[in-house]
Amino acid sequence: MQKEHNIKFDSIESYDQLDETEKTLFDKAMEIRELAYAPYSDFTVGCAILLENGEIITGSNQENAAYPSGLCAERTTIFYTGANFPEVKIKKLFVIGAPRKATTSVPIPPCGACRQSILEYEAKQKEEIEIYFASLGGAIYKTKSIRELLPFSFDSSYL
Ligand code: THU
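The numbers attached to residues start from 1 for each chain and follow its sequence in the written order. For a predicted model such as this one, the threshold for reporting local features is a pLDDT of at least 70, and the threshold for listing and counting side-chain atom pairs is 80 or more; totals across whole chains, interfaces and linings nevertheless cover every residue. Excluded from the side-chain calculation are hydrogens and water; included are all heavy atoms of the structure.

**Some words on the packing of helix 2 (residues 73–84) against helix 3 (residues 112–125)**
Our working definition: Geometry is summarised by axes, namely lines fitted to C-alpha atoms with helices restricted to the contacting stretch, and by angles between N-to-C directions that run from 0 to 180 degrees. Runs of H or I in DSSP of at least four residues are treated as helices and runs of E of at least two as strands, each being numbered from the N terminus. In what follows, roughly perpendicular refers to angles from 65 to 115 degrees, roughly parallel to angles under 35, roughly antiparallel to angles over 145, and oblique to any angle outside these ranges. Each crossing is labelled by how the near helix is turned from the far one, with a counterclockwise turn of less than a right angle marking it left-handed and a clockwise turn marking it right-handed. Any two residues whose heavy atoms approach within 4.5 Å at even a single point are treated as in contact.
The contact between helix 2 and helix 3 brings their axes to 9 Å, and the two run at 20 degrees. Classed by the angle they form, the pair helix 2 and helix 3 counts as roughly parallel. The handedness of the crossing between helix 2 and helix 3 is left-handed. Here Glu-74, Arg-75, Ile-78, Phe-79 and Gly-82 of helix 2 lie close against helix 3, whose contacting residues are Ala-113, Cys-114, Ser-117, Ile-118 and Tyr-121.

**Details of helix 3**
Given 3.6 residues to a turn, an α-helix orients residues that are three or four positions apart in the same direction. The condition that has to hold: Each helix should span, by expectation, one fewer than its residue count multiplied by 1.5 Å. A simple rule labels every residue: compare its accessible area, found with a 1.4 Å probe on the protein chains alone, to the largest value its type can have, and call it buried under 20%, exposed over 50%, or partly exposed in between.
Taking 1.5 Å of rise per residue, the 14 residues of helix 3 would be expected to cover 20 Å, and the 20 Å separating its terminal C-alpha atoms lies within 8% of that figure. Here helix 3 has its buried residues at Cys-114, Arg-115, Ser-117, Ile-118, Leu-119, Tyr-121, Glu-122 and Gln-125. Summarising the contacts, the buried residues of helix 3 are in contact with helix 2, strand 4 (90–99) and strand 5 (130–134). Backbone geometry just after helix 3 places Lys-126 at a positive phi near 55 degrees.

**Some remarks on the nonpolar core**
Note on soluble globular proteins: their nonpolar side chains tend to be buried together. How we decide: What we call a nonpolar core is a set of buried Ala, Val, Leu, Ile, Met, Phe, Trp, Tyr and Cys residues that are connected through their side-chain atoms within 4.5 Å.
Residues Ile-49, Ile-78, Ile-90, Leu-93, Ile-118, Ile-129 and Ile-131 are the most contacted members of the largest nonpolar core, which totals 19 residues. Those elements that place two or more of their residues in this core are strand 2 (43–51), helix 2, strand 4, helix 3 and strand 5. With four residues, the top contributor of residues to this core is strand 2. Once you skip the residues sitting within four places of it in the chain, Ile-118 turns out to touch Glu-74, Ile-78, Leu-93, Ile-129, Ile-131 and Ile-146. The next biggest cluster of nonpolar side chains, apart from the first, holds 12 residues, and it includes Leu-25, Ala-48, Ile-96 and Tyr-132.

**Notes on the site of the ligand**
Operational definition: Proximity is defined per residue: any heavy atom of the residue falling within 4 Å of a molecule or strand makes that residue near it. The term polar contact refers here to a pair of N or O atoms within 3.5 Å; inside protein, the definition further demands a hydrogen-donor-capable atom paired with an acceptor-capable atom, and it admits residues adjacent in sequence only when both atoms are side-chain atoms. Method for areas: the Shrake-Rupley scheme with a 1.4 Å probe, in which residue coverage is limited to the protein chains shown.
By nearness alone, every residue bordering the ligand is listed as Ser-41, Phe-43, Val-45, Asn-61, Glu-63, Cys-72, Ala-73, Glu-74, Pro-109, Pro-110 and Cys-111. Backbone polar atom of Cys-111 to an oxygen atom of the ligand: 2.9 Å apart, as the coordinates give it. Relative to its free-state accessible area of 380 Å², the ligand is covered by the protein chains to the extent of 75%.

**So, unusual backbone geometry**
The backbone phi angle of Asp-42 is positive, close to 60 degrees, even though this residue is not glycine. Counting through the fold element by element, Asp-42 comes out in the loop between helix 1 (20–33) and strand 2. Asp-42 gets classed as partly exposed once you look at its relative accessible area, which sits at 22%. Located in the positive-phi region is Lys-126, a residue other than glycine, with phi close to 55 degrees. With respect to the helices, strands and loops of the structure, Lys-126 is situated in the loop between helix 3 and strand 5.

**Quick notes on the sheet that holds strand 5**
Quick note on the threshold: Should DSSP find at least two bridges between two strands, the strands are taken to pair.
Read across the sheet, six strands follow the order 1-6-5-4-2-3 without closing on themselves; strand pairing throughout is mixed. The open sheet has two edge strands with one neighbour each: strand 1 (10–12) and strand 3 (56–60). Along the sheet, successive strands turn relative to each other by an average axial angle of 20 degrees, direction set aside. Relative to strand 5, strand 4 runs parallel, the two being bridged by five bridges. Note on strand 5: the bridge partner recorded for Phe-94 is Tyr-132.

Okay, here's the thing in structure tokens:
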């Protein structure tokens, strides 16, 4: 028997279609992306997280000469958030990535390891985190939960 597992996402046509909060998150992710430390890939990523208290936490990818020791923007940002605000719920996570020297408008999704890490915090807070991902122009994709991007996700319920 073949079964299907569909995912749902919104395609927001452009920056102009975002609401004010979303625009702020987009702007902050773009701004912090400029500070990414990505000398090896030259692929720079910015992330902005909105907390339930209105605070916005930002971060970027941090690379390393020993390549696997580097970390993506999403995990840099969510681990900092988890470390500093363990009791504050995360409402939204916005990520924007692109090669430093090229323009691309294809939305860049979080990598698998980042999806798994974001899932951990969603499960911990027992409330969904809205995920937005984009590139420099074009559409912004939005899901209501990280689970949409991680079908058949593994979490502590299996342990
Ligand atoms: N990167 C991120 O920051 N987030 C992702 O979800 C995908 C990849 C970074 C890691 C590395 O510094 C560069 O992009 C190229 O893979």
